[in-house]
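Read off the chains here:
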Amino acid sequence: MAFGGLLAAGLGVRAWAMIAYPPAVLNDNAHDGADYIRAAHYGLSKGEEEPLGYPLFLRIAHAISHQLTFTIGIQHALGLLTGTLLFMTARRLGASAWLALVPAGVVWLGGDELFLEHAPLSEPLFTPLLAATLYTGVRCLDGGARWQVATGALAVALLAVRSVALPLPLLIVCWLALARWRTRLPVWRSVALVATGSLIATFAYGALHDKATGSWSILAAGSGWNLYARAAEFADCRDFSPPRGTAVLCEKTPSSERGGPGYYLYHGGRAREAFGGPAAHDGLVRTFAVAAIVHQPLDFLGLAGTDLVRYVEPGFGRLREDDFVGPGGVAFPSGTPTLDPDTVREVAAYYGPVPPPRVGEADGLRGYQSVVRVSGVVLLVLLVIGLAGVIRTTGRRRWGLVLALSVALELLLVPTITAATWRYAVPAEGPIGVAAVAAAAVLLRRLARRRPMRTTDTPSRSGT
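Quick caveat: nothing in here was measured; it's all calculated off a predicted structure.

Caption draft 1: Structural context of the overall build of the protein chain. Counting its secondary structure elements, the protein chain contains 21 helices and zero strands. For 464 residues, the compact-globule formula gives about 23 Å, and the C-alpha radius of gyration of the protein chain, at 24 Å, lands near that figure. Taken over 464 residues, the protein chain has a buried fraction of 52%. Taking as baseline every contact in the protein chain between residues at least 6 positions apart, the subset at least 24 positions apart corresponds to 77%. Roughly 20,800 Å² of accessible area belongs to the protein chain as shown, and the carbon and sulfur atoms make up 62% of that amount. Of the side chains in the protein chain, 41 bear a positive and 33 a negative charge, and the two mean positions are spaced by 15 Å.

Caption draft 2: Representation of the packing of helix 2 (residues 33-41) against helix 16 (residues 341-350). For the pair helix 2 and helix 16, interaxial distance at closest approach is 8 Å and the crossing angle is 25 degrees. Classified by the interaxial angle, the pair formed by helix 2 and helix 16 is roughly parallel. Viewed along their axes, helix 2 and helix 16 form a crossing whose handedness is left-handed. Here Ala34, Ile37, Arg38, Ala40 and His41 of helix 2 come into contact with helix 16, specifically with Asp342, Thr343, Glu346, Val347, Ala349 and Tyr350. Of the residues belonging to the contact of helix 2 with helix 16, the class tally is six nonpolar, two polar and three charged.

Caption draft 3: The arrangement of a nonpolar patch on the surface in detail. There is a patch of nonpolar side chains on the surface, built from Ile60, Ile64 and Phe70 and spanning about 290 Å² of accessible area. Residue Phe70 is classed as partly exposed on the basis of its relative accessible area, which comes to 31%.

Caption draft 4: Inspection of the nonpolar core at higher detail. Leu58, Phe126, Phe332 and Ile432 are the most contacted members of the largest nonpolar core, which has 100 residues in total. Take this core: its biggest share by element is ten residues, from helix 7 (residues 123-140). Those residues in contact with Phe332 that sit more than four places away from it in its chain are Tyr21, Val25, Gly111, Leu114, Phe115, His118, Ala362, Leu365, Arg366 and Gln369. Among the nonpolar cores identified, the runner-up in size contains 23 residues, and Leu227, Ala231, Ala235 and Leu265 belong to it.

Caption draft 5: Spotlight on unusual backbone geometry. For the peptide bond that leads from Pro22 to Pro23, omega is -10 degrees, which places it in the cis range. Locating Pro23 in the fold gives a position in the loop between helix 1 (2-20) and helix 2. For the peptide bond that leads from Pro278 to Ala279, omega is 0 degrees, which places it in the cis range. Positionally, Ala279 belongs in the loop between helix 13 (270-275) and helix 14 (282-295). Unlike most non-glycine residues, Arg184 shows phi in positive territory, near 60 degrees. A positive phi angle, close to 50 degrees, is found at His281, a residue other than glycine. Mapped onto the elements of the fold, His281 is located in the loop between helix 13 and helix 14.

Caption draft 6: Structural context of the state of the cysteines. If you walk through the whole model with that rule in mind, you get one disulfide. Free of any disulfide, Cys140 has its nearest cysteine sulfur in Cys174, 14 Å distant.

Cut-offs used in this document
Residues numbered from 1 in each chain as written. Predicted model: local features only at pLDDT ≥ 70, side-chain atom pairs only at ≥ 80, totals over all residues. Heavy atoms only, no water. Helix = DSSP H or I, 4+ residues; strand = E, 2+ residues; numbered from the N terminus. Rg over C-alpha atoms; globule rule 2.2 N^0.38 Å. Buried < 20%, exposed > 50% of the residue type's maximum accessible area, 1.4 Å probe, protein only. Contact = heavy atoms within 4.5 Å. Areas by Shrake-Rupley, 256 points an atom, 1.4 Å probe, with all protein chains shown as cover. Lys, Arg positive; Asp, Glu negative; His and termini not counted. Charge placed at Lys NZ, Arg CZ, Asp CG, Glu CD. Axes fitted to C-alpha atoms, helices over the stretch in contact; angles between N-to-C directions. Parallel < 35°, antiparallel > 145°, perpendicular 65-115°, else oblique. Left-handed = near helix turned anticlockwise from the far one by under 90°. Nonpolar A, V, L, I, M, F, W, Y, C, P; charged D, E, K, R; others polar. Patch = residues over 30% accessible without salt bridge, like charges linked within 9 Å, V, L, I, M, F, W, Y side chains within 5 Å. Salt bridge = Lys/Arg side-chain N within 4 Å of Asp/Glu carboxyl O. Core = buried A, V, L, I, M, F, W, Y, C linked by side-chain atoms within 4.5 Å. Disulfide = S-S within 2.5 Å.

Take a look at the structure:
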């Protein structure tokens, strides 16, 4: 009954968003939606700098209905599916039904999750695929060829939606090999099955990418630029010799006066002046970035570490121009929503005219979001509980916790290599929640066993 009640609440919140704030979030916080919709509109051919998975999803939904509201409705339904998968995963790891509702509730009721589902952004597709990967991965611990093949395929599907998932296929293969070895189960057959699923999905996505862009690849163009945007914050050519053809990227501006990663990607900097912008001369700017990182590792680690702390305290350190974007980057707008021109233009071309925003139409959702949000501090506490569970439990449950935490940490750490924002942390909330409640179940059982049993003292009778 509690499961049904919480699910109904999640459904009610989504219905409220669709009625109160139609058709979708189209302000500056959803600016990336312009690129995704453009790629979907033009047969994915305009999606070279983004993975093609989400534009393909938009294209399939558009084939069913040309209304953006329909696509947003599917995204909200996927959010409900995500919570269900997280609940099922937590239950398989030993959490009680009540505890397992925690990660489900984080997704079903979380204001940040609601915002992302209500916008033309890739997270509403990435998050359910992530939950499915976690669920099938945990099922792999019990054996079963179909679960192992599915886990490998889903890991590559994640990469087809967001580049942050690049290490996940290899991470999952290594995790499964280690888990089965440590639990004294056959290793190579399981690893081969996961690798088979990964290869099938890789070739399928590579073929799609080749058909759409003329390039057989599973990586979106522009990865070198993303790395350069981070390195340009600190690169000092007095500390290293720039690779051939990259001397033009050297700056004399003190690093303390330079912009953040967003500035070098979208607004200015030597690379844009010399090459025009992403993804031109991608390999060249990558070689410069790698050289800077190798010769100035402490500067690089300092910036990456600062972004990592900002998941908990968004105002930590000195914020540069176009630097880390905190929870405000996924906030519903107040007053009369200001529409992003690029996104509105692409929506109008693909879905039809966008109705003018009404005064205060998102104010209620914004107020709700300010209250029902998983803060960075809460996320850190849940992470610590999950880590404690890894230490205190054994066997299959321990390796399920290791998978959930490894996936979550990968999602949090990889963006700090280039540029992190609070938006990137939201998909990690579910896996961290699963790990925390599974760990809590173990810790609570251990505490109960240690609690001394009450004894009733019977007074002795003495005769005279």
